[in-house]
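# Structural overview for review
Here's the letter readout for the chains.
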Amino acid sequence: MADITTPLARAPVRLGGLVSTETQARIVCGLVILLAWELIVRAFAPAYVAKPTGVVMAIPKVITDPAFLEATGVTLWACAQGLAISIVLGTVIGLAMGRSELVDRSLRHYINGFNAVPMIIVLPLVSLWFGYTSGARLATIVFAAIFSIIINTADGARSVPREYLEVARSFRSHRMRMLIDIVMPSSLPYFLAGLRLAAGRALIGAVVAEFFTAIGGVGYFILYNSRIFKHNEAFVGVLLLAAFGVGFEVLVGWSTLRFLPWYRRDEKTS
Amino acid sequence: MLDSLRKNAPVWLSLLAGAVLWEIAGRNSNPAFLVPLSETLVRLWQLMGSPQFATQALDSATLFVTGVGLGIVVGMPLGLLLARVRIIRVGIDPYIMTLYATPMVALIPFILSLMGFGFAPKVLVVFLFSVFPVLYNTVEGARSIKPELIEVARSYRSSERALWREVMIPYTLPYTMTGVRQAIARGLVGMVAAEFFLSATGLGQLIMNASQNFDTSGVFAMILLIGVIGVALMRLGLYIEQRFARWRI
């Protein structure tokens, strides 16, 4: 995280001191937020409301609870399946859109339109189609995740440097070879950015589908526990979701640096 | 004219093809699963003509505008304030980023059991969905103010007020507007989520009713309507963002 307000000329001299004050500031702010939360809840809210000490106390009990572990497994497995479907379909459609003007013009409005629609709106429809089953959740996840993959892959495939393709063509490269050896690797970073977005949205899709259809999973765990006024336990579920969101971000960021070292755009944005 | 027609022809053709495909598929499948476009449009017309539609739509609009409005009114000044005091900004930045990335839907059950079914909890949901994009982007913008700008203002002995009015606000406004665009999109999700999961009112209630009565054409009609609203709001957001983007240095 580059800090632009620090004048460059001064930076090297004060760097050692600065890092520690920044970390200190972060820790102090975090503690202040937690303390304020704790005190406000203690002073004004009923006893069942989640507070930091309560949540921390609830963690060991919840994460050893087999029901919670099963719920986590179910939700994550559904997300993995949904993402796999989205990746396969999304890459195919995205590459087609990026490389063919005709496909792009005919599909673009649908893709952008569906992407603008709040994904939560399909819940009544998928519950009509699939009933209150895990199929409804899977469909919601795919709907939530696929469009960001399509859009990003298409962007990537569109921005392949023209020279690469021209050289390949003058060596009489086959179209399929060009797709696999040039277009796909060069749109990979875009795809990863799309995947990053899609993973977060898939998780949200799974949670809202579980809220709506009351099928088992982390979302339902949160819903159920907050209904029976076990907010601390329910909040552990929220923490788990946040942890998975952040974890996936880190994983994608790390693999971009590790496997695509030539791709440096991330340093600027993150 | 003819040129633009030729250029846009694939677009119109694809929209037409989609409509025809929908119609044919709808006519040849179980009406509980898929209804043709024509029937959906007729149903939409019926729904929009019903006396309760106006009140429901107004309900949703009030919720959306109040929530997103609060999000902007709170997010922007708070963002600037946080950005101005450097040590607070540095300290609080990671937490804002975390909250920006946290799926707010997960908090809805808590809000439900704490605040019940009234208007206030729903506004809170829409507010929570929309405040963090504004806050996050404002802080990002303020962070990228060139230090020279502030130093020059300082050396001309600008007062704190002038510094805000002449440097901070104009510089961060385009960034804030990016946040506003995201807030509009997220606010719509928040609105529907609040209407689904808290108490059923507004457009959300119309969908829920249709779904519970197995009125598939009603569900399609409402999805089409909210889809169109979503696309329109996205356009509006992009317009607002681009209007201010011109200032960007």
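One numbering rule holds for all chains: residues counted from 1, following each sequence as written. Chain letters and ligand numbers both follow the written order, the letters beginning at A and the numbers at 1. In keeping with the predicted nature of the model, local features appear solely for residues at pLDDT of at least 70, side-chain atom pairs appear and are counted solely at 80 or more, and the whole-chain, interface and lining totals rest on all residues.

Glancing now at the overall build of chain A. Secondary structure follows DSSP: runs of H or I at least 4 residues long count as helices, runs of E at least 2 residues long count as strands, and numbering of each begins at the N terminus. Summing up its helical and strand segments, chain A has eleven helices and zero strands in all. Written out in order from the N terminus, the α and β elements of chain A read α-α-α-α-α-α-α-α-α-α-α. Whether a residue is buried, exposed or partly exposed is read from the other C-beta atoms within 10 Å of its own C-beta, which are placed from the backbone; 20 or more gives buried, 12 or fewer gives exposed, and intermediate counts give partly exposed. For chain A, the proportion of its 270 residues judged to be buried stands at 37%.

Check the secondary structure of chain B and you find ten helices and zero strands. Its helices and strands in sequence order give chain B the pattern α-α-α-α-α-α-α-α-α-α, from N to C terminus. We compute the radius of gyration from the C-alpha atoms alone; for a globule the expected value is 2.2 Å times N to the 0.38, where N is the number of residues. Over its C-alpha atoms chain B spans a radius of gyration of 23 Å, topping by over 25% the 18 Å that the globule rule assigns to 249 residues. Expressed along its principal axes, the backbone C-alpha trace of chain B runs to roughly 75 × 60 × 30 Å. Every one of the 249 residues in chain B was classed for burial, and the buried ones make up 39%. Counted over contacts in chain B with a minimum sequence separation of 6, partners at least 24 positions apart contribute 78%. It is the C-beta atoms, placed from the backbone, that decide contacts: two residues are in contact if theirs lie within 7 Å.

The subject of this paragraph is the interface of chain B and chain A. Contact residues are listed per partner, giving 45 residues for chain B and 48 residues for chain A. Secondary structure elements with two or more residues in the side of chain B that touches chain A: helix H1 (2–27), helix H4 (86–101), helix H5 (108–115), helix H8 (160–197), helix H9 (202–212) and helix H10 (216–245) of chain B. Three classes are used: nonpolar for Ala, Val, Leu, Ile, Met, Phe, Trp, Tyr, Cys and Pro, charged for Asp, Glu, Lys and Arg, and polar for all others, with Gly counted as polar. Among the residues forming the side of chain B that touches chain A, the class breakdown is 33 nonpolar, ten polar and two charged.

Residue and element names in this part refer to chain B. Axis angles are defined between N-to-C directions and span 0 to 180 degrees, where every axis is a line fitted to C-alpha atoms and, for a helix, only to the segment in contact. At a minimum axis separation of 8 Å, H8 and H9 run at an interaxial angle of 55°. For the element pair H8 / H9, the angle class is oblique. Where H8 crosses over H9, the handedness of that crossing is right-handed. Across the interface between the two elements, Val192, Glu195 and Phe196 of H8 pack against Gly202, Leu203, Gly204, Gln205 and Met208 of H9. Among the residues making up the contact of H8 with H9, the classes are represented as four nonpolar, three polar and one charged. When describing relative orientation, an angle under 35 degrees is termed roughly parallel and one over 145 degrees roughly antiparallel, while 65 to 115 degrees is termed roughly perpendicular and anything else oblique. Less than a right angle of anticlockwise turn of the near helix away from the far helix marks a crossing as left-handed, whereas a clockwise turn marks it as right-handed.

Let's shift gears to the environment of Lys51(A). Residue and element names in this part refer to chain A. Along the chain, Lys51 turns up in the loop between helix H1 (11–44) and helix H2 (52–63). As a C-alpha pair, Lys51 and Glu38 span 13 residues in sequence and 5.3 Å in three-dimensional space. Ignoring sequence-local partners within four residues, the contact set of Lys51 consists of Trp37, Glu38, Val41 and Arg42.

What follows deals with the nonpolar core. Working definition: the nonpolar core is a set of buried Ala, Val, Leu, Ile, Met, Phe, Trp, Tyr and Cys residues, joined through C-beta atoms within 7 Å. Grouped together as the largest cluster of nonpolar side chains are 121 residues, with contacts concentrated most on Ala202(A), Val207(A), Val125(B), Val126(B) and Ala193(B). Broken down by element, the residue count for this core peaks at 17 residues, all from helix H8 (residues 175–213) of chain A. With residues near it in sequence (within four places) discarded, Ala193(B) still touches Ile120(A), Val105(B), Ile108(B) and Val125(B).

So, about the environment of Val20(B). All names here are of chain B. Relative to the helices and strands, Val20 is located in helix H1. The class for Val20 is exposed, based on 11 C-beta atoms found within 10 Å. Residues Val20 and Pro36, 16 residues apart in the sequence, show an inter-C-alpha distance of 9.1 Å.

When the pLDDT values of chain B are averaged, the result is 86; 97% of them are 70 or greater. Complex prediction metrics read pTM 0.83 and ipTM 0.82. For every residue, the predictor reports its confidence as pLDDT, a number between 0 and 100.

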